[in-house]
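Here's the letter readout for the chains.
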Amino acid sequence: MGETFYIFKDGDLRRRDDNILIKTAEGQKKNLKAEVTDEIYLFGEITMNTKLLNFLSQKKIIMHIFNYYGFYGGSFCPRETNVSGYLLVNQVKKCDDNNSRVKIAREILKAASYNIYRNLRYYDGRGTNLETPMKDIQNLMKELESCTSIHELMGVEGNIRKKYYSTWNLIIKQDIHFEKRVKRPPDNMINSLLSFVNSLIYTATLSEIYQTHLNPIISFLHEPGIKRFSLCLDLAEIFKPFIGERMIFSLLNKNQITENDFEQDSNCLYLKESARKTILMEYDKRLKRTIMHRDLGRDVSYRYLIRLECYKLIKAIIDEKEYTGFRIWW
């Protein structure tokens, strides 16, 4: 797998021979080798031209764009080459059939909820008493089995998340009062961190889906709609607990991120550039972290686990093998 590059400086992005040249507003230059580049994340004010976009498409390089506040704006995806009419037809059929859709959506939530539970077990084993919320989440997970609609599943998922979030003031050692998830706009440190980190996982999931024959707008748990890649939201649910949320806990408990890393603008609290860089360095390391895969018998990265989840979903869509969501064991 190739490299991911994060660009914070304002400047100019151009094709230069078979490479990509970034020239900052201060006059600094850096070449990005296209042959080893999979993704580019833009956080600064960047100018570019269609020559560059055509080059990115040719090299199958995805570009993710974030605004001044670090909020995800959108992605440039090259023309799809991994297309399959057969898979698309079957993906739509699975989504359109309530029983099939609920079955896949339930498994996504079962895996996501189990990974949430494992987070609590991890910190419970390290001196934070979380026995009661752990039992509550286990009981809520049992309710998923009896759900017969997406609406019911989402209701149980909301209760699991509410119970999970209620433990964060115990897990996080900084004096942060976190009550509930607020997205638009994030109103405190935790919500700001969650919005930023979740968007990173969302874009990583989009990049991995792009490498397969799946269509990112045909989803099962989240409602397929307009202006979003809803399948990314589905699969991201599984990976947010152990890639994103464990990272947030670690950054805060090690005081790598504190209240000094945030700025207030109107009713929005957002991360400073230096804090976003700290998070991205840790996030990139986590995506590259490897584990011995139980089925494959070899080391795979956290990022590649997302790709494997796509492959499992494909097998379920074409009725080759029943889908089981990824569950952490460490």
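As shown above, the structure is provided for reference.
Residues numbered from 1 in each chain as written. Predicted model: local features only at pLDDT ≥ 70, side-chain atom pairs only at ≥ 80, totals over all residues. Heavy atoms only, no water.

1. A closer look at the pattern of salt bridges
Part 1 of the reasoning: Within the structure shown, the criterion is met by 22 salt bridges.
Part 2 of the reasoning: For Arg 303, the salt bridge goes to Glu 208, with nearest N and O atoms at 2.9 Å. Highlighted residues: Arg 303 in helix H10 (residues 302-317) and Glu 208 in helix H7 (residues 189-210), separated in sequence by 95 residues. Note on accessibility: Arg 303 and Glu 208 belong to one class, buried.
Part 3 of the reasoning: Glu 208 is the partner of Arg 307 in a salt bridge, and the nearest nitrogen-oxygen pair spans 2.5 Å. One end of the pair, Arg 307, is in helix H10; the other, Glu 208, is in helix H7, and 99 residues separate them in sequence. Here Arg 307 and Glu 208 have matching classes, each one buried. (Salt bridge = Lys/Arg side-chain N within 4 Å of Asp/Glu carboxyl O. Helix = DSSP H or I, 4+ residues; strand = E, 2+ residues; numbered from the N terminus. Buried < 20%, exposed > 50% of the residue type's maximum accessible area, 1.4 Å probe, protein only.)

2. A look at the pairing of strand S8 (residues 72-76)
Part 1 of the reasoning: Note: strand S7 (residues 62-66) against S8, four bridges, orientation antiparallel. Looking at the pairing, Phe 66 lines up with Tyr 72 of S8.
Part 2 of the reasoning: Linking S7 to S8, which pair antiparallel, is a turn of five residues; within it Gly 70 sits at a positive phi near 85°. (Pairing = 2+ DSSP bridges.)

3. Quick notes on unusual backbone geometry
Part 1 of the reasoning: Of note, Asn 255 is a non-glycine position whose phi angle comes to about 55°, a positive value.
Part 2 of the reasoning: Inspection of the secondary structure puts Asn 255 in the loop between helix H8 (230-253) and strand S9 (262-265).
Part 3 of the reasoning: Here the phi dihedral of Asp 319 falls at roughly 60°; this positive angle occurs in a residue that is not glycine.
Part 4 of the reasoning: Within the fold, Asp 319 resides in the segment after H10.
Part 5 of the reasoning: Given the relative accessible area of 59%, Asp 319 is considered exposed.

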